[in-house]
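Listed below, chain by chain, are the residues.
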Amino acid sequence: MIIVLKTHATDADIQSVSELVRTLRYQPRVIRGVERTVVACIGDELSNRSLEVLGNLPIVESVMPVQQRYKLVSREYHPDDTVITVNGTPIGGGAIAIIAGPCAIETADQFRSAVRDLKAAGVTLIRAMAFKPRTSPYDFQGLKADAISIMRDVKAEFGVSMVTEILGPAQVEMVHDTADVLQIGARNAQNYDLLESVAQARKPVLLKRGMASTVEEWLAAAEYLLVNGCSNVMLCERGLRSFDKSVRNLLDLGGVAVAKQETHLPVLVDPSHAAGKRSLVLPLAKAALGAGADGLVIEAHPNPNEAYSDAAQQLPSATFKQTLDELAPWIALARASR
Ligand code: PEP
Ligand code: MN
């Protein structure tokens, strides 16, 4: 069972609830978030007394069974859509968010041109990747610290918000003053230590689904973020590894529809990493909006053919306005139907 305490619970309240939990022969595990504290109770519910009685305490908001591996992310717990606002741009709750930018920050000129083009097309949330998780150690790994200073300059020039991927806990501090959204990539989707460190930064988080994660594992990973104090979490489906190499990854739109039913968190789709090639990005983006996605993450580069990574799938940033014009009817329908 988990015991959710009211928002104003004091240390003394937490201690007295924990004591009562011990009296009932369970081991309390206190998890302190920004908005609420949760006491997870570990013990054998068949042989011990029921914890439900604690629901009568004035400081307890609810006592819930942990039949599922997630609670705080569930619609059962929070029926209304969560809307995350990043520097004035809403994500979730009917606002269709567009996050776009190159696969990686390569040079100051490349990143600046991409952001100039994207901002002119109306994009305010920018992919700004300093650290790249690459399958081969011989591939471009990102400019790292140099990319962060490029990101800082470009942000100051264009006033856009930066979404950046974190590969390890030490990077959280490095990007803290510059990044607006921290991304956990598919390869780290179940790196629980990293999820806890990123949650502690108290910034919005974009959590990709692992390439072989079930929807339940994806939502349970989001639960790690929420229970550790990060309430602004957006999920992102980016395709699963499959037997069929005709697409890079198999975009699981069924999983998107399930996630939309199961959770109040915004669910985005990254058609670029699913498609693996330019001509498939728009069809997948349209399908994602039809399946209920709250937004899209699209790779765009000023000169895609010369990109250091993911050259085949990046759209040209110079024509991103046309890209959005082509998506406009699907975006309008998605807005009207959420
Ligand atoms: C990315 O978005 O830069 C990325 C590496 O994607 P994924 O983690 O989905 O592979
Ligand atoms: Mn990429």
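Residues numbered from 1 in each chain as written. Chains lettered and ligands numbered in written order. Predicted model: local features only at pLDDT ≥ 70, side-chain atom pairs only at ≥ 80, totals over all residues. Heavy atoms only, no water.

Asks: In this structure, what is going on with the overall build of the protein? I would like to understand it.
Replies: Regarding its fold elements, the protein presents 10 helices and 15 strands. Structurally, the protein occupies a C-alpha span of about 65 × 40 × 35 Å along its principal axes. When contacts within the protein are restricted to residue pairs at least 6 apart in sequence, those whose partners lie at least 24 apart make up 67%. Accessible surface computed for the protein: about 14,500 Å², of which carbon and sulfur atoms make up 51%. For the protein, the separation between the mean place of its 35 positive charges and that of its 38 negative charges on side chains is 2 Å. (Helix = DSSP H or I, 4+ residues; strand = E, 2+ residues; numbered from the N terminus. Contact = heavy atoms within 4.5 Å. Areas by Shrake-Rupley, 256 points an atom, 1.4 Å probe, with all protein chains shown as cover. Lys, Arg positive; Asp, Glu negative; His and termini not counted. Charge placed at Lys NZ, Arg CZ, Asp CG, Glu CD.)

Asks: Quick question: what am I supposed to make of the site of ligand 1 here?
Replies: As a matter of local geometry, ligand 1 sits amid Arg127, Lys132, Pro133, Glu165, Gln183, Gly185, Ala186, Arg187, Lys208, Arg238 and His273. Taking lysine 132, its side chain carries an N or O atom lying 2.9 Å from an oxygen atom of ligand 1. Measuring from an oxygen atom of ligand 1, one finds a side-chain N or O atom of lysine 208 at 2.8 Å. Across the complex, the protein chains shield 97% of the 290 Å² of accessible surface that ligand 1 would expose by itself. Per-class residue counts for the shell around ligand 1 are two nonpolar, three polar and six charged. (Near = heavy atom within 4 Å. Polar contact = N/O pair within 3.5 Å; in protein donor to acceptor, adjacent residues only side chain to side chain. Nonpolar A, V, L, I, M, F, W, Y, C, P; charged D, E, K, R; others polar.)

Asks: Can you help me understand the coordination of the manganese ion (ligand 2) in this one?
Replies: Ideal geometry at a metal centre gives angles of 109.5 degrees when four donors are arranged tetrahedrally and 90 or 180 degrees when six donors are arranged octahedrally. At 2.0 to 2.4 Å from the manganese ion (ligand 2) lie its protein donor atoms, namely Cys103 (SG), His273 (NE2), Glu299 (OE) and Asp310 (OD). Spacing between the donor residues of the manganese ion (ligand 2) along the chain follows C-x169-H-x25-E-x10-D. In this pair, histidine 273 is assigned in helix 8 (residues 271-275) and glutamate 299 in strand 14 (residues 295-301), connecting sequence segments 26 residues apart. For the pair shown, histidine 273 and glutamate 299 are each scored as buried. (Donors = N, O, S within 2.8 Å, 3.2 Å for Na, K, Ca; no water. Buried < 20%, exposed > 50% of the residue type's maximum accessible area, 1.4 Å probe, protein only.)

Asks: Would you mind going over the environment of leucine 125 with me for this structure?
Replies: By the secondary structure assignment, leucine 125 is in strand 8 (residues 125-127). Among the residues examined, leucine 125 registers a relative accessible area of 2% and is labelled buried. Between the C-alpha atom of leucine 125 and that of serine 161, which follows or precedes it by 36 residues, the distance is 4.9 Å. In contact with leucine 125, other than residues within four places in its own chain, are Val86, Thr89, Ile91, Ala97, Ile98, Ile99, Ala100 and Ser161.

Asks: Could you clarify how one ought to interpret the sheet that holds strand 2 (residues 27-32) in this entry?
Replies: Sheets are built from strands that pair by backbone hydrogen bonding, the pairs being arranged parallel or antiparallel. Overall, antiparallel pairing links the four strands, which are arranged 2-3-1-4 in an open sheet. Every interior strand has two partners, whereas the edge strands, strand 2 and strand 4 (60-64), have only one. Strand after strand, the sheet turns through a mean of 20° between neighbouring axes, direction not considered. Sheet strands in contact with helix 1 (residues 11-23) are strand 1 (2-5), strand 2, strand 3 (37-42) and strand 4, and its direction is about 155° off that of strand 2. (Pairing = 2+ DSSP bridges. Axes fitted to C-alpha atoms, helices over the stretch in contact; angles between N-to-C directions.)

Asks: Explain the nonpolar core here, please?
Replies: Note on soluble globular proteins: their nonpolar side chains tend to be buried together. Core analysis: the biggest nonpolar cluster contains 79 residues, and Phe111, Val198, Leu207, Leu225, Leu296 and Phe320 have the highest contact counts within it. The residue makeup of this core includes at least three contributed by each of domain 1 (2-64) and domain 2 (84-337). (Core = buried A, V, L, I, M, F, W, Y, C linked by side-chain atoms within 4.5 Å. Domains from an automatic or database assignment.)

Asks: Would you explain the packing of aromatic side chains in this entry?
Replies: Both the distance between ring centres and the angle between the ring planes are used here to describe each pair of aromatic rings. Enumeration according to the criterion identifies two aromatic pairs in this entry. Pairing phenylalanine 140 with tyrosine 308 gives two aromatic rings, centres 4.9 Å apart and planes at 90°, and the pair type is edge-to-face. Residue phenylalanine 140 is found in the loop between strand 8 and helix 3 (145-158), and its partner tyrosine 308 is found in the loop between strand 14 and strand 15 (315-316); the two are separated by 168 residues along the sequence. An angle of 20° between the planes, with centres 4.4 Å apart, marks the rings of tyrosine 192 and tyrosine 224 as stacked. (Phe/Tyr/Trp six-rings, centres within 6.5 Å; stacked < 30°, edge-to-face > 60°.)

Asks: Got a minute to help me understand the domain arrangement of the protein in this structure?
Replies: The extent of an interface is frequently quoted as the accessible surface area lost upon association of the parts. Along its sequence, the protein is organised into domain 1 (2-64) and domain 2 (84-337). Measuring from the centre of the C-alpha atoms in domain 1 to the corresponding centre in domain 2 gives 36 Å. With six residues of domain 1 at the contact, the number on the domain 2 side is five residues. The junction of domain 1 with domain 2 conceals about 460 Å² of combined surface from both sides, 55% of it contributed by carbon and sulfur atoms. (Buried area = accessible area lost by both parts, 1.4 Å probe.)

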